[in-house]
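# Report on the structure
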Amino acid sequence: MARDVAAPKSYEQALKGRFAHLWKDSIQAELANLRQHKVYSWCRRTPGMRVIGSPVTAFKIKVDKDGKVSQFKTRVCARGYLQIKGRDFYSPFAPVSVITTFRAMIASASKRGMWIDSVDVRSAFLLAPLRAPLYCEPPKGAEKPFEGALWKLERCLYGLKQSAAQWHTMLSSTLQRMGFVQGVADPCYFSRSANGGFELRLCIHVDDICICSNDRDYLAAFRDRLAEEFTLTSSTTDRSCQYLGITVARLHDGAVQLSLNGFTADLLHQYKMQDAKPVSTPMQPGVNFNKDQCPKTDAERLEMSSTPYLQAIGSLLWLVQTCRPDIAIAVNVLSRFASNPGKIHWAGVKWLLRYLAGTANLGIIYGRKVDGIPHAPLTASCDASWADCKETRASTSGHVIMSCGGPISWSSRKMKVQALSSMEAEFHSLCLCARELVHLRTLYIRDFGFSASDLTIPAYGKLALEAYTGDYPPPEPIAIMEDNTAAIALAKSSGARHSRSKHIELKWFWVRSMVQAGVVLPVYCPTKENISDLMTKPVTR
């Protein structure tokens, strides 16, 4: 298994040990790959020539979906930290797709029964030309044709400041030549329509491309056309594909599931929790974490210094950000003690790992109708736990935005300001949720082609959207389910501002302008039916 093979830290280490012959072949394959792509040419040093040092060699074990070794990978990386802005490069910025866009695209694809595929562009950065040549020493393992020979870089090398920006520019221009239109809400989303109703949607993260199409042959034709421009690799099967390590699987009922089963299994093995007894909740009921439990003496801090607390929190955050919103509140609370964790906090991490051991196969499912969960393209709910932080008395806000039966965006965060009432905490959470909804509304209308009237549910509970009356009746607002009637009233009416709310900062009243514009509409939802309650309070069973 890949988890049993450690990647070497240096060139010298790679040439020792039981896998030395495999790493040596990998190094030579990478150098041959650079020659094939004409990344460099040999040159002599001249007076005044700026040389940015010798590239470093990085090593990585590539893993397949079953957790087995698929490749011993070597990458030659330039020392970009030695570059000078304005001389060696100008703009290093390159956008990447927001993970929410990917989930929204998958949710929309599940509703329409689209085919889903993914490809990876091999050696992507090496394809992008440099605007001006750079010079560097050859890396270890490269044979010099003459004494003092240097590399003159003609194309981007991994590690250069401008490589990502040059590659994104090249890929964007290539797709636009193929007839794709760049997204409005996300610059890494591209779409193309053709006669006959054929459609293609792309979500791009550097060199990983997720593809959705309503016609299998149309998708295959695009892959063939893209293969004429770039060398592609793919792990797609008949019913699943991989994107950023996320498994996208088509279920037997037509629904689509996102999961990180392989990553979760590796995480459990890393901390030797694969055989731990599973528990039913992400946090142990009755346990409250606080700073009094942090180490106070040098001896206690030294004892905890060998505990991989930060590393574990980082891995858990990736799970939260991709397809495990059920552990969001647990990771939120545990991450507050990352700078000085105590034994009880580490016990909380291990409890969470035990929960993952029993739920490793869980993921997000789109396109399946479930009782009590709206199946509209966009619905939202928000909640807040007032003054639940015992040290600062700050509140916790949370929201969940659903699409086609599954969550596409969620948040669980500790507020930066203290709310003086539960209404104020809920009002802050409502504003944060509305901000995310405005972005997603643009994505669905401008990029996915939805009409505003088809985005949300027509009614919920006792309050129907058609029955909403006021000075500014909204045309097609997106419903935000909220269980605090005072926060709803404050968001709807300027007359609700009184002694208990006049101190609230002006920026939070932006949500009222969105209500007036008919973009969002807060509606009452009982606490027991509020999904976002899971983002602010740990479940007890």
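To be clear, the structure that these remarks concern was listed above.
What this report covers is the structure whose coordinates are included nearby. These numbers come from a predicted model, not from an experiment.

## Structural notes on the overall build of the protein
A count of helical and extended segments in the protein gives 13 helices and 22 strands. Since a compact globule built from 541 residues should have a radius of gyration of about 24 Å, the 26 Å found for the protein is in line with a globular shape. The 541 residues of the protein split such that 50% are buried. Contacts in the protein between residues at least 24 apart in sequence constitute 73% of all its contacts with a sequence separation of at least 6.

## Examining the packing of aromatic side chains
On inspection of all chains with the given rule, the structure shows 17 aromatic pairs. Note on Tyr-40 and Trp-42: the rings are 5.7 Å apart at their centroids and 85° apart in plane angle, and the pair reads as edge-to-face. Centroid distance Phe-125 to Tyr-158: 4.7 Å. Interplanar angle 20°. Geometry classified as stacked. Within this pair, whereas Phe-125 is found in the loop between strand S4 (115–121) and strand S5 (129–136), its partner Tyr-158 is found in the loop between strand S6 (149–155) and helix H4 (163–177), the two being separated by 33 residues in sequence. Owing to a relative accessible area of 12%, Tyr-158 belongs among the buried residues under this scheme. Counting every residue linked through ring pairs, the aromatic cluster contains Phe-19, Trp-23, Phe-59 and Phe-72. Sitting over the face of the ring of Phe-146, Arg-44 holds its NZ or CZ atom 4.0 Å from the ring centroid.

## Side note on the pattern of salt bridges
On inspection of all chains with the given rule, the structure shows 14 salt bridges. A salt bridge links Glu-229 to Arg-225, with the shortest nitrogen-to-oxygen separation between them at 3.0 Å. Note that Glu-229 and Arg-225 are positioned in helix H5 (residues 216–229) at a spacing of four residues, about one turn of the helix. Accessibility expressed as a relative area gives 34% for Arg-225, which makes it partly exposed. In this structure, Asp-533 engages Lys-537 in a salt bridge whose closest nitrogen and oxygen atoms are separated by 2.8 Å.

## Let's talk about the side chain of Asn-290
Examined against the element boundaries, Asn-290 turns out to sit in the loop between helix H6 (261–270) and helix H7 (298–304). The class for Asn-290 is buried, based on a relative accessible area of 18%. Of the polar contacts made by the side chain of Asn-290, one reaches the backbone nitrogen of Asp-292; its length is 3.0 Å. The residues touching Asn-290, leaving out its near neighbours within four places in the chain, are Phe-337, His-345 and Glu-391.

## Here we look at unusual backbone geometry
In this structure, Lys-38 is a non-glycine residue whose phi angle is positive, near 55°. Note that Lys-38 resides in the loop between helix H2 (20–36) and strand S1 (40–44). The phi angle at Ala-387 is positive, at roughly 50°, despite the residue not being glycine. Structurally, the position occupied by Ala-387 is in the loop between strand S16 (379–385) and strand S17 (396–403).

## As for the sheet that holds strand S22 (residues 520–524)
In space, the five strands of this open sheet follow the order S18-S17-S16-S21-S22, with mixed pairing throughout. Since the sheet does not close on itself, it has two edges, and those belong to strand S18 (406–414) and S22, each with one partner. Between one strand and the next, the sheet's axes are offset by a mean angle of 20°, whatever the strand orientation. Of the pairings in the sheet, the one linking S16 to strand S21 (residues 478–482) comprises two bridges and is parallel in character. Bridged to Ser-381 within S21 is Met-481. Against the sheet, helix H12 (residues 485–492) makes contact with S21 and S22, and its axis sits at roughly 150° relative to S22, the strand it touches most.

## Let's talk about helix H8 (residues 309–322)
Between its first and last C-alpha, H8 extends 20 Å over 14 residues, near the 20 Å set by a 1.5 Å rise per residue. Three or more residues of H8 are buried, namely Tyr-309, Ala-312, Ile-313, Ser-315, Leu-316, Leu-319, Val-320 and Thr-322.

## A short note on the pairing of S6
Pairing of S1 with S6, which is carried by five bridges, proceeds in the antiparallel orientation. Considered in S6, the bridge of Arg-44 is made with Ala-149. Inspection of the sheet shows S5 paired to S6 by four bridges, in the antiparallel sense. Paired with Cys-136 across the strands is Trp-151, a residue of S6.

Calculation rules
- Residues numbered from 1 in each chain as written.
- Predicted model: local features only at pLDDT ≥ 70, side-chain atom pairs only at ≥ 80, totals over all residues.
- Heavy atoms only, no water.
- Helix = DSSP H or I, 4+ residues; strand = E, 2+ residues; numbered from the N terminus.
- Rg over C-alpha atoms; globule rule 2.2 N^0.38 Å.
- Buried < 20%, exposed > 50% of the residue type's maximum accessible area, 1.4 Å probe, protein only.
- Contact = heavy atoms within 4.5 Å.
- Phe/Tyr/Trp six-rings, centres within 6.5 Å; stacked < 30°, edge-to-face > 60°.
- Lys NZ or Arg CZ within 6 Å of the ring centre and 35° of its normal.
- Salt bridge = Lys/Arg side-chain N within 4 Å of Asp/Glu carboxyl O.
- Polar contact = N/O pair within 3.5 Å; in protein donor to acceptor, adjacent residues only side chain to side chain.
- Pairing = 2+ DSSP bridges.
- Axes fitted to C-alpha atoms, helices over the stretch in contact; angles between N-to-C directions.
- Expected span 1.5 Å × (residues − 1).

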